[in-house]
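Residue-level structural notes
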Amino acid sequence: MESHLLLYILLLIPAFASSDFLITHVRNIKKRNADNELVVNGIETYSMKIDSKITSRFAHNVITSRAVNRGNTHKEVFFDVELPKTAFITNFSMTIDGVTYPGTIKEKEVAKKQYEKAVSKGQTAGLVKASGRKTEKFTVSVNIAAASKVTFELTYEELLKRHFGKYEMFIKVKPKQLVKNFEIEVDIFEPQGITELEAEGTFITNDLQNIIKKTFSGKKGHISFKPTLDQQRTCANCSQSVLDGDFTVKYDVERTTPNNLQIVNGYFVHFFAPTNLPKLPKNVIFVIDISGSMSGREIEQTREALLKILDDIKEDDFFNFILFGSNVHTWKEALIKATPENLDEARKFVRGIDTEGLTNLHGGIMRGIDMLNAAYEGNIVPKRSASIIIMLTDGQPNVGVSNTEDIQAHVKKAIEGKYALYNLGFGYGVDYNFLEKMALENKGLARRIYPDSDAALQLQGFYDEVSNPILTDVVLNYPENEISDLTKNSFKHFYDGSEIVVAGRFIDSHQNSLTVDVIGEGANDALSYTTQQDAEETAKAYQEQEYIFGDYIERLWAYLTIEQLLEKRTAATGEEKENLTAEALDLSLKYKFVTPLTSMVVTKPEDLGNQDGLADKPIEGINISFTPYLPMATTAEAQAVTAFRAVPQVSYQYSAVPTWYTSVDGDPHFIISVPHKKDAICFNINENPGAVLNLINDPVTGITVNGELIGDKRPNSDAKIQNTYFGKLGIANKHLDLKVTVTPEKITVQNGNEKTGFSWLDSVTLQQEGLTLTINRKKNVMLQMGSSASFVIVLHQVWKKHPLHQDFLGLYTLEGDKLSTQTHGLLGQFFHPIDFTILEIHPGSDPKKPDATMIVKNNELTVTRGWQKDFKRDPEHGVDIPCWFVHNNGAGLIDGVHTDYIVSSLF
């Protein structure tokens, strides 16, 4: 009998992503084995190797990990790899006791149906996915018998992009244990010749520096890194590994001409990267969101980044700032030249930028377009210059034109292909799909700015990428009667240090030469380049067999074509989108690439103890995940609980959660149900009274829920943190112009300009378009927004003469799955399934509340087992809900930090 382990992998293709991957490790309770320090929980991972072959910028990577079960019983082994978001997995296999179980690529829907069939038989998941800034995490596990061996092998391919004059590849090194045979091998073959090659690591000490072996000559380059066991140790007698960080490989190629053509077996690739051209003057308009949600760290980091950017603006450039909150403000009425005097004045302006109001995004961006149009019409800026609009926002439009489709149409019509629009989404409250689509429609791109301590550096880094245009309106022309299936061949801007890559297929597969013309507008005049290439020159590459991995140019063409089809698909609709999807799917299946449209299936014997599993990884802007129901704890969790129960004088019950909904109540306590784990995660948010927190935000249905905090009547001088509760909740559907405000005193329904008020003493049901509201006297309010989510708001009343506490509210969400996959907010982000693993349960500071390590969202957190009150059914006494408590305002569990969710008002 055989069962299937379904590897359901969804890969995002953003521009400028980097390549890194996490070295495989075993994620179970770590025990020091006195006889063998290489054994962790009975498993020894005795070999890890990353073998990378890079030919003509196209990288073919094989990650191999070998492990053996040194224990006396079956053990679960985990294989974790962090892959670049730009990568396509091409193969995965497991070899168990000499028998190999290979993977096969299938259409996503076919694979999903196979998975659902397995679930119906009671088979469940053993696969977890998580997402990082530049990487996507792939994880799979298998049970192996005592003394058995397993080999995991994962292959993926990607086209390395050139930034700041170098091709770059990151390798995430984090084995979390000592490995007897650890090795990184990188072989590079570039027909143009290699001019420089370097390798470094964030974890590389002086002792490790000499272990990196680097050689390059002519067309070949080689890098190896093979630390011994002793060299891996953090100290002479330590069993911890120093290998923890990024290993980076950078190189560039010889450029005697701007063009390089390579032809092999009926396919060609054209690399275009002119050098030593004068920089074009640029006209940059910064359109900055200053709405209330940007207050605090976000606006501080924005100011910091803008000040650094002003230091890099060149004197020939023109620039201006446009700020949008509820209203639109401009620094100057027109673009001005970046003279030293103007830059000094701009710095003073930037230092004074502060937040106010809501989000008039449409007004801000349209003002920027109008300003650029006026600058060209009035001959204020040079005719030969590159014009760029950079917009930064952390929220969604809610003043003026707020319908995103209308904004997209207005912006596209106003720009008319004349300028490049770059949209930067700060944090997680943005409608990223909207920003990305609008940027792609206007020859730019969107980028997520992660709300971490380095957000200012992220902003500055993006500006650096687009700060040195040297050509505009670049078109690469090929003979129409000779070439078919051409990838993108026209580009609005070419930036110094980057590279344009175009690939195609010959109509006559036996054709062995090609002539190409390239035209573009430079700083001084129009430029034209012509080059011709014969296939015989490239064919010589096949003599370097140790560097070649099959028909690499054909695979490069397929990779680039799929990447661009998926990008076009983002902005397409209707029949066009269907055609792009079909074309990308056909190529994904033909070339065995795991893309957002395909999945990989691995088959293995049922008696190995692992069941079928399916996982979707989130792509930027859309949280898509599917986590099936688990009838029992995973092996690792069961072992963790057993180990903890063996601790003397500690009693711990691993009990199930009786309710399956997310809620926030009390001080304020957030409870996140994880039904497939029969468990829950909880966290508190500590903020000052008066703060308004975004709880739910769904740009598709238009539903938002915000809550305003109140504090005790007087602060408790003995308490380090003031108690706060929700004293006001605002539920809105912007599509219906419908708002419901709930306080401990009354309930107000506003439909357009009409307001209706109710008392908590009422027992009433209100029904109108898009709303059903039921008040259960002095107890709770049940609210249904159309066919979308339902909410229960609980009233907590205290003795009116209580010297400290005030009445407050609790919010319980029902049917959160009816909201869209774009839903976010402190509660809304958890309407999409979340997975976690609990390890190393041990006594905490409170004997009744053990601590543990939680693996969640690619983070390792210290959590505490505790209880929170659920008042939905019993507002007076409540029910204790066991949960894993995440400390520090949910840090590591929630996206970003809790201050990202502070908004300016209820609506």
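For every chain, the first residue of its written sequence is number 1, and the numbers climb from 1 along that sequence. Per-residue local features are limited, in this predicted model, to residues with pLDDT of at least 70; the limit for side-chain atom pairs, both in listing and counting, is 80 or more; totals at the level of whole chains, interfaces and linings are taken over all residues. In computing side-chain properties, one takes all heavy atoms of the structure into account and sets aside hydrogens as well as water.

**So, the overall build of the protein chain**
The way it works is that DSSP assigns letters per residue, a run of H or I at least four long becomes a helix, a run of E at least two long becomes a strand, and they are numbered from the N terminus. Assigned secondary structure in the protein chain consists of 14 helices and 52 strands. Think of it in three bands: residues with accessible area under 20% of the maximum for their type are buried, residues over 50% are exposed, and the middle band is partly exposed, with areas taken using a 1.4 Å probe on protein chains only. The buried share of the protein chain, taken over its 907 residues, is 59%. Of the contacts formed within the protein chain by residues at least 6 apart in sequence, a portion of 70% connects residues at least 24 apart. In this description, accessible areas are obtained by the Shrake-Rupley approach with a 1.4 Å probe, and a residue is regarded as covered only by the protein chains that are shown. Counting every atom, the protein chain has about 36000 Å² of accessible surface; 47% of that belongs to carbon and sulfur. Note on contacts: a residue pair qualifies if any of its non-hydrogen atoms lie within 4.5 Å across the two residues.

**Considering the confidence of the model for the protein chain**
The predicted model of the protein chain has a mean per-residue pLDDT of 82, with 83% of residues at 70 or higher. The low-confidence segment residues 608-618, where pLDDT is below 50, has 57 contacts with residues more than four positions distant or belonging to other chains. Each residue gets a pLDDT score, which is the predictor's confidence in that residue and runs from 0 to 100.

**So, helix 11 (residues 552-571)**
In an α-helix, one full turn covers 3.6 residues, which means residues spaced three or four apart are oriented alike. By definition here, a helix of n residues has an expected span of 1.5 Å times n minus one. With 20 residues, helix 11 should reach 28 Å at 1.5 Å per residue; the first-to-last C-alpha distance of 29 Å fits that figure. Most of helix 11 is tucked away: 15 of the 20 residues are buried.

**A few points about the state of the cysteines**
Any two cysteine sulfur atoms lying within 2.5 Å of each other are counted as a disulfide. Inspection of the entire model under this criterion finds two disulfides. Shown here is the disulfide that connects Cys682 with Cys883, its sulfur atoms set 2.1 Å apart. Because the sign of the S-S torsion sets the handedness, a value of about 70° for the bond joining Cys682 and Cys883 places this disulfide among the right-handed ones. With Cys682 in strand 36 (residues 679-684) and Cys883 in strand 51 (residues 879-886), this residue pair connects regions lying 201 residues apart in the sequence. For the pair shown, Cys682 and Cys883 are each scored as buried. Taken in N- to C-terminal order, the disulfide-linked cysteines of the protein chain are connected 1-2, 3-4.

**Here's the deal with the sheet that holds strand 14 (residues 194-201)**
DSSP calls a pair of strands paired once it identifies at least 2 bridges connecting them. One open sheet holds the four strands; their spatial order is 11-12-17-14, and the pairing between them is antiparallel. The open sheet is flanked by strand 11 (162-163) and strand 14, the only strands paired with a single partner. Judged from the seven bridges that link them, strand 12 (residues 166-173) and strand 17 (residues 245-253) form a sheet pairing that is antiparallel. Bridge pairing links Lys172 to Asp246 in strand 17.

**Let's talk about helix 8 (residues 432-441)**
Among the 10 residues in helix 8, eight count as buried, and that is most of the element. Listed as buried for helix 8 are Tyr432, Asn433, Phe434, Leu435, Glu436, Lys437, Met438 and Ala439. Looking at the buried residues of helix 8, the elements they touch are helix 6 (361-377), strand 24 (386-393), helix 7 (404-415), strand 25 (420-426), strand 26 (446-449) and helix 11.

**Some details on the environment of Ile881**
Examined against the element boundaries, Ile881 turns out to sit in strand 51. Note: C-alpha distance between Ile881 and Ala680 (201 residues apart in sequence) is 8.0 Å.

**Here's the deal with the nonpolar core**
Within soluble globular proteins, side chains that are nonpolar generally end up buried alongside one another. Counting residues in each nonpolar core, the largest one holds 57 residues, and the members touching the most others are Leu695 and Leu773. By size, the runner-up hydrophobic cluster in this structure holds 55 residues, among which are Ala59, Ala87, Ile184 and Ile204. The definition of a nonpolar core used throughout is a set of buried Ala, Val, Leu, Ile, Met, Phe, Trp, Tyr and Cys residues joined through side-chain atoms within 4.5 Å.

**Observations regarding the packing of aromatic side chains**
For Phe, Tyr and Trp, where Trp contributes only its six-membered ring, two rings pair if their centres lie within 6.5 Å, and the inter-plane angle classes them as stacked under 30 degrees, edge-to-face over 60, or tilted in between. The final tally for this structure, using the stated rule, is 28 aromatic pairs. For the ring pair Tyr167 and Tyr251, a centre distance of 5.1 Å and an interplane angle of 35° mean the geometry is tilted. Of the two residues, Tyr167 is situated in strand 12 and Tyr251 in strand 17; the sequence distance between them amounts to 84 residues. With a relative accessible area of 0%, Tyr167 lands in the buried category. Exposure remark for Tyr251: the relative accessible area of 1% places this residue in the buried category. Here the aromatic rings of Phe182 and Phe225 are separated by 6.4 Å at their centres, their planes lie at 85°, and the arrangement is edge-to-face. With a gap of 43 residues between them, Phe182 in strand 13 (residues 181-189) and Phe225 in strand 16 (residues 220-225) connect regions that are remote in the sequence. Of the two residues, Phe182 and Phe225, neither departs from the other in class, the shared state being buried. Pairwise contacts between aromatic rings join Phe286, Phe319, Phe321, Trp331, Phe349 and Tyr463 into one cluster. Throughout this description, the term charge over a ring refers to an Arg CZ or Lys NZ atom that lies within 6 Å of the ring centre and within 35 degrees of the ring normal. It is Arg57 that lies over the ring of Phe271; its NZ or CZ is 3.7 Å from the centre. Above the ring of Trp884, the side-chain terminus of Arg865 is found at 4.8 Å from the ring centroid.

**Digging into the sheet that holds strand 27 (residues 469-477)**
A sheet is described by the order of its strands in space; here four strands give the open sequence 29-27-31-32, paired in antiparallel fashion. Across the chains shown, the open sheet's two edge strands, defined by having one partner strand only, are strand 29 (490-495) and strand 32 (526-534). Across the sheet, the mean angle from the axis of one strand to that of its neighbour is 30°, orientation sign disregarded. Here strand 27 pairs with strand 29 via five bridges, running antiparallel. What sits directly across from Leu471, in strand 29, is Phe494. A fitted line through C-alpha atoms represents every axis, and for helices the fit uses only the stretch in contact; the resulting angles, taken between N-to-C directions, go from 0 to 180 degrees.

**As for the side chain of Glu465**
Along the chain, Glu465 turns up in helix 9 (residues 455-465). Since its relative accessible area comes to 18%, Glu465 is described here as buried. Within the local environment of Glu465, its side chain forms a polar contact with the side chain of Arg447, the two groups lying 3.3 Å apart. We call two N or O atoms a polar contact when they sit within 3.5 Å, provided that within protein one can donate a hydrogen and the other can accept it, with sequence-adjacent residues counted only if both atoms are side-chain atoms.

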